[in-house]
Protein chains: 4
Amino acid sequence: MSQTGAAVTTVRRGRPRSESSRQAILRAAGELLLEQGLGGTSIEAVSRLAGTSKATIYRWWPSKELLAVDVLLAEWHDEATSAEDTGTLAGDLRAVILPWTRDLRSRPYARIVSGLVAAALGDEDFAHDYRARFVERRRERGRAALARAAARGEIPADTDVELALDMLYGPIYHRLLHGHEEVDEPFAEQVIAAVVRAVAPGSSAG
Amino acid sequence: MSQTGAAVTTVRRGRPRSESSRQAILRAAGELLLEQGLGGTSIEAVSRLAGTSKATIYRWWPSKELLAVDVLLAEWHDEATSAEDTGTLAGDLRAVILPWTRDLRSRPYARIVSGLVAAALGDEDFAHDYRARFVERRRERGRAALARAAARGEIPADTDVELALDMLYGPIYHRLLHGHEEVDEPFAEQVIAAVVRAVAPGSSAG
Amino acid sequence: MSQTGAAVTTVRRGRPRSESSRQAILRAAGELLLEQGLGGTSIEAVSRLAGTSKATIYRWWPSKELLAVDVLLAEWHDEATSAEDTGTLAGDLRAVILPWTRDLRSRPYARIVSGLVAAALGDEDFAHDYRARFVERRRERGRAALARAAARGEIPADTDVELALDMLYGPIYHRLLHGHEEVDEPFAEQVIAAVVRAVAPGSSAG
Amino acid sequence: MSQTGAAVTTVRRGRPRSESSRQAILRAAGELLLEQGLGGTSIEAVSRLAGTSKATIYRWWPSKELLAVDVLLAEWHDEATSAEDTGTLAGDLRAVILPWTRDLRSRPYARIVSGLVAAALGDEDFAHDYRARFVERRRERGRAALARAAARGEIPADTDVELALDMLYGPIYHRLLHGHEEVDEPFAEQVIAAVVRAVAPGSSAG
DNA sequence: TCCTAACCGAGACGGTACGTCGCGTCTTAGG
DNA sequence: CCTAAGACGCGACGTACCGTCTCGGTTAGGA
């Protein structure tokens, strides 16, 4: 789960990593991130709340941004629904989008996400990590749905898939990050319908 | 233009504000914001680069976020084109969107904008200010274009205007903030075309 | 009264000095000095409380120390009792010392005096001013009393007058500045008696 | 010796205090205090000169006044001669007073002491600390000398000891703080002699 | 059973920036 | 010529976190 679960190649000697500390850190970080956002959360405060030392956090997470990524991935239900074929583009997109927006609504995650977005724009290394694990991962599911629709003949083969994905995720991120309106179920449905209509002009979806 | 340009009603007593300091601060802040982003820019560094005292900055800007807003508004060409009637919805939207995306491309503003977005989600007061002066201001222009289209009979009178605006601005902000693709002219044109197609199904636009 | 009442030689042109401002400043400074001591009193605060501008204070008093000196001289009864011949050394010293200690007890002046003492040790110019107007002025009265006693034959002609003065003022300043005991009337009387006994060994004073 | 040398009872956990930083701070503070006095010395400047961070200073000294106390106690030879019985009151007082005045003359400490006196009058907490560690500590030695003299029958049993101490220390502090004359060895001897004469009228001292 | 490596907490360290306060100077308008 | 108002560059305040660094102690596997 953690990004630091790598090197199992060498034989593990010495005292093993404390699982309880790891969980205490993730729990404390999650609480603080939800309350204060990324900018308002300090490693110092996480260590205080978790009852661990700062060094232990730094040993396993190079930055609070990467810690925040681990926190979000642990709290969301991202593993499931990797590919659901419902028979229609609209259905497939619903299966991709709706569970995610439900997660987003379950707690005030927008502040954390916005912090990660800002951090990614200022740190090219983190940007790669963040985009791959958050943005591209989700786009890939939408891309797969569109590919299935093309294979089905539901949409033209030369559909501009990337544009469609931007039309799909863009409005949702827009509301999430700018907060001018809720990202509720009807809105998500409307966005999906509009995208379907745009890429499948002859369809009767809506 | 500046948030501090208010009360000229009362008689101005005391030493007047230094215009040169004001400009030096905006210039220095702009430079640092573009180089380091909002998170990497400190009032301390702005005051050093501008050759002014910190107190002078704090006297006029309560936070670096509000300073950043002033910097962006000063660097962009936001005043003009408040309402251009080109005769078609597509034309009107182009007149609203294209100059803005040109400004966005002119320098790496995305880092600054993402910082403001994150700041707004963590500070309700700033959120109001930011949304009114950045997001809503631009939405209002798109809203006006859609209203003219409705008056013209180009789109149905019961069009969901807010949804259309999210479909218009969402993809642009998405690319701007996530940086997975450029916000270039063809992309902006495609988004506009897609929105026009979505709200005016019978039109020949695109 | 004020140390700035000098140059009346040239003809006074323009708006005359505001007497009400001068008094407001002295009153405000006195209040703040008694409450906060010299270190805790700022010109800024004096101007706020007095309702005058800072510039007006700086125009007439080069430093807050010199302002404090004016405040104290205005509040004490130093002019009178310049020389009282009571017929005995003890009586003369009482006439010099007791009114002063009464002034000192009337309000918590010790904090202000200690501030002036500290300021004098750090600023040679102010030190001259302060010693002349505060310390030496009072020593001179004691010196005169001792001179009268010598003329009277009450004490030897070769008495070490400066030592006697230090034995007289030292214990009083000591209690005043260190605050380990009160500078009350009995103490002042005892000090005077001890000094008289020391310089006039054969006397029956005490 | 230092006010921070306390609790060695509990097990020392964490990184131990840096002895080199402690000494660098005391050395830097001593230098600045002698040059600029207490008022002219800032924690900022001490940290710069010592090459430590401000936080390290604040961690161990709550205020610059308490730091100054530590500096003086470290520079003076206060530990020794706590009780020397020379057989006579005059000799005992010499053993108490002369080494101290020698310390006072060795460098321009008067400015620092005057600053501490002023600070004590403005801060009741510091006053207790300062009086206990500076004034009372030294008075106690004089008090012990007077007690031995009384036990010896050299002075009356009902001698007013506190008054005698004020007559002893007062003149010395007076010259030190007002700076109208030097606190040289002959002066100290004269003061001691005068006090002895005052409390032991029948003696042949002087 | 001991050794040794890797972990853990506590907490001190040199830094940077925070936002505020007062300094003494200045530049206005107005009496 | 004086005054109130108030902006200015400056420097220090005391605090919070940063990321790094010792410490003493703990917990495993390999010898």
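Calculation criteria
- Residues numbered from 1 in each chain as written.
- Chains lettered and ligands numbered in written order.
- Predicted model: local features only at pLDDT ≥ 70, side-chain atom pairs only at ≥ 80, totals over all residues.
- Heavy atoms only, no water.
- Contact = heavy atoms within 4.5 Å.
- Buried area = accessible area lost by both parts, 1.4 Å probe.
- Salt bridge = Lys/Arg side-chain N within 4 Å of Asp/Glu carboxyl O.
- Polar contact = N/O pair within 3.5 Å; in protein donor to acceptor, adjacent residues only side chain to side chain.
- Helix = DSSP H or I, 4+ residues; strand = E, 2+ residues; numbered from the N terminus.
- Near = heavy atom within 4 Å.
- Nonpolar A, V, L, I, M, F, W, Y, C, P; charged D, E, K, R; others polar.
- pLDDT = per-residue confidence, 0-100.

## A closer look at the interface of chain A and chain B
Right, on to step 1. On the side of chain B, 34 residues touch chain A, which itself brings 34 residues to the contact.
Right, on to step 2. When the buried surface of chain A facing chain B is broken down by residue, A:Leu121, A:Met167 and A:His178 rank first, second and third, together holding 22% of it.
Right, on to step 3. Summed over the shared surface of chain A and chain B, the result is two salt bridges.
Right, on to step 4. Residue A:Arg175 pairs with B:Asp166 through a salt bridge whose shortest N-O separation is 2.6 Å.
Right, on to step 5. Inspection of the region where chain A meets chain B yields 15 residue pairs in polar contact (both at pLDDT 80 or more).
Right, on to step 6. Ranked by the residues each element gives to the side of chain A that touches chain B, the list is headed by helix 8 (residues 161-178) of chain A, at twelve residues.

## A look at the protein's contact with DNA strand F
Right, on to step 1. In the vicinity of DNA strand F lie 46 residues, with A:Tyr58, B:Gly14, C:Arg59, D:Lys54 and D:Tyr58 positioned nearest.
Right, on to step 2. Expressed as a percentage, the sugar and phosphate content of the atoms of DNA strand F within 4 Å of the protein is 63%.
Right, on to step 3. Side-chain polar atom of B:Trp60 to a phosphate oxygen of DNA strand F: 2.8 Å apart, as the coordinates give it.
Right, on to step 4. Residue assignment for the surface near DNA strand F shows that the elements contributing at least two residues are helix 2 (43-50) and helix 3 (54-60) of chain A, helix 3 (54-60) of chain B, helix 3 (54-60) of chain C together with helix 2 (43-50) and helix 3 (54-60) of chain D.

## Things to note about the interface of chain C and chain D
Right, on to step 1. Taken together, the contact between chain C and chain D spans 34 residues of the former and 34 residues of the latter.
Right, on to step 2. Taken together, both faces of the contact between chain C and chain D bury some 2,900 Å²; the carbon and sulfur share is 66%.
Right, on to step 3. Among the residues of chain C in contact with chain D, C:Leu121, C:Met167 and C:His178 are the three that bury the most area, contributing 23% of the side total.
Right, on to step 4. Along the contact surface separating chain C from chain D lie two salt bridges.
Right, on to step 5. On inspection of chain C and its partner chain D, the count reaches 13 residue pairs in polar contact (both at pLDDT 80 or more).
Right, on to step 6. Contributing elements (two or more residues each) for the side of chain C that touches chain D: helix 6 (110-122), helix 7 (124-152), helix 8 (161-178) and helix 9 (185-199) of chain C.
Right, on to step 7. No other element matches helix 8 of chain C, which puts twelve residues into the side of chain C that touches chain D.
Right, on to step 8. In terms of residue class, the side of chain C that touches chain D is made up of 18 nonpolar, nine polar and seven charged.

## Overview of the protein's contact with DNA strand E
Right, on to step 1. DNA strand E sits among 44 residues. The nearest are A:Thr56, B:Tyr58, C:Lys54, C:Tyr58 and D:Gly14.
Right, on to step 2. Protein-proximal atoms of DNA strand E, defined as those within 4 Å of the protein, fall in sugar or phosphate at a share of 61%.
Right, on to step 3. In the model, a phosphate oxygen of DNA strand E is placed 2.8 Å from a nitrogen or oxygen of the B:Ile43 main chain.
Right, on to step 4. Note that a phosphate oxygen of DNA strand E is positioned 3.4 Å from one of the side-chain N or O atoms of B:Arg48.
Right, on to step 5. For the surface near DNA strand E, the elements supplying multiple residues, two or more each, are helix 3 of chain A, helix 2 (43-50) and helix 3 of chain B, helix 2 (43-50) and helix 3 of chain C together with helix 3 of chain D.
Right, on to step 6. Per-element tally for the surface near DNA strand E: the top contributor is helix 3 of chain D, with four residues.

## Comments concerning the confidence of the model for chain A
All names here are of chain A.
Right, on to step 1. The predicted model of chain A has a mean per-residue pLDDT of 90, with 89% of residues at 70 or higher.
Right, on to step 2. Ranking the helices and strands of chain A by mean pLDDT puts helix 2 first, with 98, and helix 7 (residues 124-152) last, with 93.
Right, on to step 3. Note that pLDDT drops below 50 for residues 1-9; the model gives that stretch 14 contacts with residues more than four away or on any other chain.

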